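Each chain is listed here by its residues.
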Amino acid sequence: MFSVLIHPDVAKFLDKLSEEDRKRCVEALRKLKDNPFTPRPGADIKKLKGRDKTMYRLRVGDFRFEYFIEGNTVYIVEAFKRLQIIHKLKLSYTINNFSRANIMP
C-alpha cells in the first residue's frame, strides 16, 4: 500500500474544478494507493520518457496528473487540463515541496 502526497499547486488546481470533476479526479488519485504503476479502467497510467526521475502520467478524462514514486510514497507534482496550457517541464520537485497536510485520506 502506498501513501499519496499532493503538491500544494495540485491541491489549488483541484479546488478550482467543478465538484463533479474534482470527485472523479480525487477518486482516481486515491486509487494510486493500491497500484500506481498499472493502467486500469478509469486510470490510464503511462510511464513518461526523457525525465531525470522516473515519472508517470495519470489521465482522468481531460485532466492529467504527473507523479513520481519514492519508496512507498506517490508524489503528485503536476496537474493540468489537456490543451488548456502549454505544459512546462518541472524537474526541480523535491520531497521538501510537499506538505504533510496534503496527505490523501
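You'll find the structure just up there.
Residues numbered from 1 in each chain as written. Predicted model: local features only at pLDDT ≥ 70, side-chain atom pairs only at ≥ 80, totals over all residues. Heavy atoms only, no water.

A few points about the packing of aromatic side chains
What counts here: Each Phe, Tyr or Trp ring, with Trp reduced to its six-membered ring, pairs with another whose centre is within 6.5 Å; inter-plane angles below 30 degrees give stacked pairs, above 60 give edge-to-face pairs, and intermediate values give tilted ones. Counting from the N terminus, the helices are the DSSP runs of H or I reaching at least four residues and the strands are the DSSP runs of E reaching at least two. The classification of residues rests on relative accessible area computed with a 1.4 Å probe and restricted to protein chains. Under 20% of the type maximum is buried, over 50% is exposed, and intermediate values are partly exposed. Whether a charge sits over a ring depends on NZ of Lys or CZ of Arg being within 6 Å of the ring centre and within 35 degrees of the ring normal.
Across all of its chains, the model carries six aromatic pairs by this definition. Taking the centre distance of 5.5 Å and the plane angle of 20° together, the rings of Tyr 56 and Tyr 67 count as stacked. Placement of Tyr 56 in strand E3 (residues 55–60) and of Tyr 67 in strand E4 (residues 63–70) is noted, with a sequence separation of eleven residues between them. On the accessibility criterion, Tyr 67 (0% relative accessible area) is buried. Where Phe 68 meets Tyr 75, the ring centres are 5.0 Å apart and the plane angle is 20°; that geometry is what we call stacked. In this pair, the class of Phe 68 matches that of Tyr 75, namely buried. Ring pairs connect the aromatic residues Phe 2, Phe 37, Tyr 56 and Tyr 67, which therefore count as one cluster. Over the ring of Phe 68 we find Lys 53; its NZ or CZ atom is 4.4 Å from the centre of that ring.

Let's talk about the nonpolar core
For soluble globular proteins, the rule of thumb is that nonpolar side chains tend to be buried together. Applied cut-off: Take the buried Ala, Val, Leu, Ile, Met, Phe, Trp, Tyr and Cys residues and link them wherever side-chain atoms come within 4.5 Å; each set so joined is a nonpolar core.
Formed by 25 residues in total, the largest nonpolar core has its most connected members in Leu 14, Leu 32, Leu 58, Phe 65, Tyr 67 and Ile 76. If you look at the next biggest cluster of nonpolar residues, it comprises six residues, including Leu 5, Leu 48, Phe 68 and Tyr 75.

Some words on the sheet that holds strand E5 (residues 73–81)
Definition in use: Two strands qualify as a pair provided that DSSP identifies no fewer than 2 bridges between them. Fitted lines through C-alpha atoms serve as axes, helices being fitted only where they are in contact, and the angles separating the N-to-C directions of these axes extend from 0 to 180 degrees. We call two residues contacting when some pair of their heavy atoms lies within 4.5 Å.
Spatially, the five strands line up as an open sheet ordered E1-E5-E4-E3-E2, and their pairing is mixed. In this open sheet, the two strands that pair with only one neighbour each are strand E1 (3–6) and strand E2 (44–47). For this sheet, the mean inter-axis angle between neighbouring strands, taken without regard to orientation, is 30°. Examined bridge by bridge, E4 and E5 share eight bridges and lie antiparallel to one another. Across the sheet, Glu 70 pairs through a bridge with Thr 73, a residue of E5. Sheet strands touched by helix H1 (residues 8–15): E1, E4 and E5. Its angle to E5, the strand with the most contacts, is close to 50°.

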